[in-house]
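Here is what each chain is made of, one letter per residue.
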Amino acid sequence: MAEPRVIIVGAGPAGVRAAETLVAAGLRPTVVDEGRRDGGQIYRRQPEGFARSSAELYGTEAARAEALHATFDDLRPKIDYRPGHLAWNVADGHLHVVHDGSAEALPFDALIVASGATDRLMPVKGWQHAGVYSLGAAQIALKSQGCAIGRRVVFLGTGPLMQLVAAQYRKAGAQVVALLDTSRLWNQIRALPKLVSRPDVLAKGVGLAASHLLAGTMVRRGVTPVEIFGDADGGVSGVSVRLASGRDLRLACDAVALGYHLRPETQLADLARCDFAFDAATRQFWPVIDEDGRSSVPGIYLAGDGVRTQGADGAEIAGKLAALAVLTDRGRSAPTEQISRLRQQRRAMERFRAGIAEAFPWPHHLAAGLADDTVVCRCEGITAGELRSVVHDKGADEMNRAKALSRVGMGRCQGRYCGHAAAEVVAAATQLSPAVVGRLRGQAPVKPLAIRTRRAAP
Amino acid sequence: MSPLQPRFVRLAETDRPTVPIVVDGATVEALEGDSLLVAVLTRAGHLRHSEFGPEARAGFCLMAACQDCWMWTHDGDRLRACDTPVRAGLSVLTQPPDMPWPNRA
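As the structure is a computational prediction, the values presented were derived from the model and not from experiment.

Reading the values: the criteria
- Residues numbered from 1 in each chain as written.
- Chains lettered and ligands numbered in written order.
- Predicted model: local features only at pLDDT ≥ 70, side-chain atom pairs only at ≥ 80, totals over all residues.
- Heavy atoms only, no water.
- Helix = DSSP H or I, 4+ residues; strand = E, 2+ residues; numbered from the N terminus.
- Contact = heavy atoms within 4.5 Å.
- Pairing = 2+ DSSP bridges.
- Axes fitted to C-alpha atoms, helices over the stretch in contact; angles between N-to-C directions.
- Left-handed = near helix turned anticlockwise from the far one by under 90°.
- Nonpolar A, V, L, I, M, F, W, Y, C, P; charged D, E, K, R; others polar.
- Phe/Tyr/Trp six-rings, centres within 6.5 Å; stacked < 30°, edge-to-face > 60°.
- Lys NZ or Arg CZ within 6 Å of the ring centre and 35° of its normal.
- Parallel < 35°, antiparallel > 145°, perpendicular 65-115°, else oblique.
- Buried area = accessible area lost by both parts, 1.4 Å probe.
- Salt bridge = Lys/Arg side-chain N within 4 Å of Asp/Glu carboxyl O.

S.K.: I'd like to hear about the side chain of Thr309(A), residue by residue, with values.
M.R.: Locating Thr309(A) in the fold gives a position in the loop between β21 (300-302) and α10 (311-329). Once residues lying within four places of it in the same chain are set aside, the contact partners of Thr309(A) are His261(A), Leu262(A), Pro264(A) and Arg353(A).

The following block contains the structure:
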């Protein structure tokens, strides 16, 4: 039997470990990655010529980052590595990619999608101003370019990334004005039984939270975001929130790092026609997978934060499992002991993931309270009021219909940053569950392509 | 903040050779390894203006997902500033060249 053609999308922790596993079995997988260098977002490698150490870049995760980079460097001659390639569609057993303006369709027998995650966002009045960035962006500015997003930075939102990036900013010498967290301490305490499934990571998290207090950084929990102040030309000038006490707090700043944990990038799974199911705990739709990462579609495997937000360590395990599933499904004998060990590790990751979701809950209730003039779609400046009007006046109680009529989710980010919140706005306006309102369907191309994109010379 | 005031602050990696680029006709000294976004925002407050609202924009996700950091070349091509590395002589515009676009505002 000919060697199966396996394509991996993504060169982060899941993609690299999947590639390593396939190469160990004698295969030569193709690794398609939009980044210019491997590592994904979490272990993003800084440009050539930058001098900071791994310890400075990755903190407590330096050894893991270095190990992943070293693995990938070893794999380079043994794989077909395609950096700078955008995977923009999956159809008829082909992955469609574009590189430098030229398009190609790559045939596959098995596709492992390790597409990673982006920040999950809830709009707040004024978030369209220049100087508001996602939490992930704030981290990338520092990690990849040695920059802070502003002189005085407010962190607004919730989640482990907010705790981490604020600490990284302070350590790098940036002025962290405050951490304004929508979650409450009791959310975290109630999640402890699940969070103890990874005691080392829990300890790191407690350490991060303590570091803010020790440094004297303002931390407020249980806040309700009210407004990001600013003007059209100059961008952000301040933030206001309602504190848990009911008092209003207004802070001056020139940058806001905003985010509510992460959401998986599921567009390719969607285009491959994978089944999705609603997760009531996090109020989002996820592709359905088995414990090894098999989707509902034969030949399509999903791994890493692109399918479940288990973090980098979980992604490494998921990448290995997905690759082993490919090998098993292609008739190779299964290393049963290894698979069962990995599955067991993955269950701990999954339990911890559920704990994090409880500890830093998605504040869906904020959607109902967004003023009508709050921009929901940053791409095209469409407001909550305009979205509600298509619900009330035109009966658009399903997300794709609401999108078609309001254009929320139709802009250049294709709903990545407004889609979840828009579904909550529609759900609140209709009194329906977001499970019923549904999700924005993935559309090809998953990112904008230039009109003059051409077919690659054969 | 004035639109001319730099938005980003360099905290590390400042010991790199400079690379001249051109933004709206003016020469700007970037550092080797800068993304176009960082090169511009360490000198100015924004990258472009929204086509659908009144406000200046300075990017949002920095990971090639949101498409909020598009800048233009003189040929009318778009560059995603967050994942475009600078190179000597790169010349960009914060407004599309001679292409009127209906502004909602």
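S.K.: Give me the pairing of strand β5 (residues 94-99) of chain A: which residues, what numbers.
M.R.: Residues and elements named next belong to chain A. Pairing of strand β4 (residues 86-91) with β5, which is carried by five bridges, proceeds in the antiparallel orientation. Its bridge partner being in β5, Ala87 is matched across the sheet by Val97. Here β4 hands over to β5 after two residues, with Asp92 in that stretch at a positive phi of 50 degrees. Here six bridges tie β5 to strand β6 (residues 102-107), and the two strands are oriented antiparallel to one another. Each residue of the ladder has a partner; that of His96, found in β6, is Ala105. Hairpin remark: β5 followed by β6, antiparallel, with two residues in the connecting loop; positive phi at Asp100, about 55 degrees.

S.K.: Kindly report on the packing of helix α1 (residues 13-24) of chain A against α10(A), identifying the contributing residues and their values.
M.R.: Residues and elements named next belong to chain A. For the pair α1 and α10, interaxial distance at closest approach is 7 Å and the crossing angle is 35 degrees. Seen from above, α1 lies across α10 with right-handed handedness. Together, Pro13, Ala14, Arg17, Ala18, Thr21 and Leu22 of α1 and Ala312, Ala315, Glu316, Gly319, Lys320, Ala323, Leu324, Val326 and Leu327 of α10 make up the contact between the two elements. The class makeup of the residues in the contact of α1 with α10 is 10 nonpolar, two polar and three charged.

S.K.: Could you give an account of the packing of aromatic side chains, naming the residues involved and the relevant values?
M.R.: Going through the model one piece at a time under the given rule, you end up with eight aromatic pairs over all chains. Between the aromatic rings of Tyr43(A) and Tyr58(A), the centroid separation amounts to 6.1 Å while the plane-to-plane angle is 90 degrees, which identifies the pairing as edge-to-face. Separated by 15 residues along the polypeptide, Tyr43(A) in the loop between β2 (30-33) and α2 (54-58) and Tyr58(A) in helix α2 bring together distant segments of the chain. What links up through ring pairs into an aromatic cluster is the set Trp127(A), Tyr417(A) and Phe60(B). The ring of Phe352(A) carries the charged tip of Arg198(A) above its face, separated from the ring centre by 5.3 Å.

S.K.: So what about the packing of helix α13 (residues 384-394) of chain A against helix α14 (residues 399-406) of chain A? Which residues, and what values?
M.R.: All names here are of chain A. At a closest axis distance of 9 Å, the pairing of α13 and α14 adopts a crossing angle of 110 degrees. Between α13 and α14, the angle is such that the two are roughly perpendicular. The handedness of the crossing between α13 and α14 is right-handed. Side by side, α13 and α14 meet where Glu386, Leu387, Val390 and Lys394 of the first sit next to Ala402, Leu405 and Ser406 of the second. Class assignment of the residues belonging to the contact of α13 with α14 gives a composition of four nonpolar, one polar and two charged.

S.K.: Tell me about the interface of chain A and chain B, and name the residues and values.
M.R.: How big an interface is tends to be stated in terms of accessible area lost as the parts join. The interface of chain A with chain B comprises 55 residues on the first partner and 48 residues on the second. The junction of chain A with chain B conceals about 4,100 Å² of combined surface from both sides, 52% of it contributed by carbon and sulfur atoms. Considering only the surface of chain A that becomes buried against chain B, Tyr133(A), Gln145(A) and Arg412(A) emerge as the three largest contributors, covering 17% of it. Inspection of the chain A/chain B interface yields five salt bridges.

Spatial relationships are all this shows, so hold off on functional conclusions.
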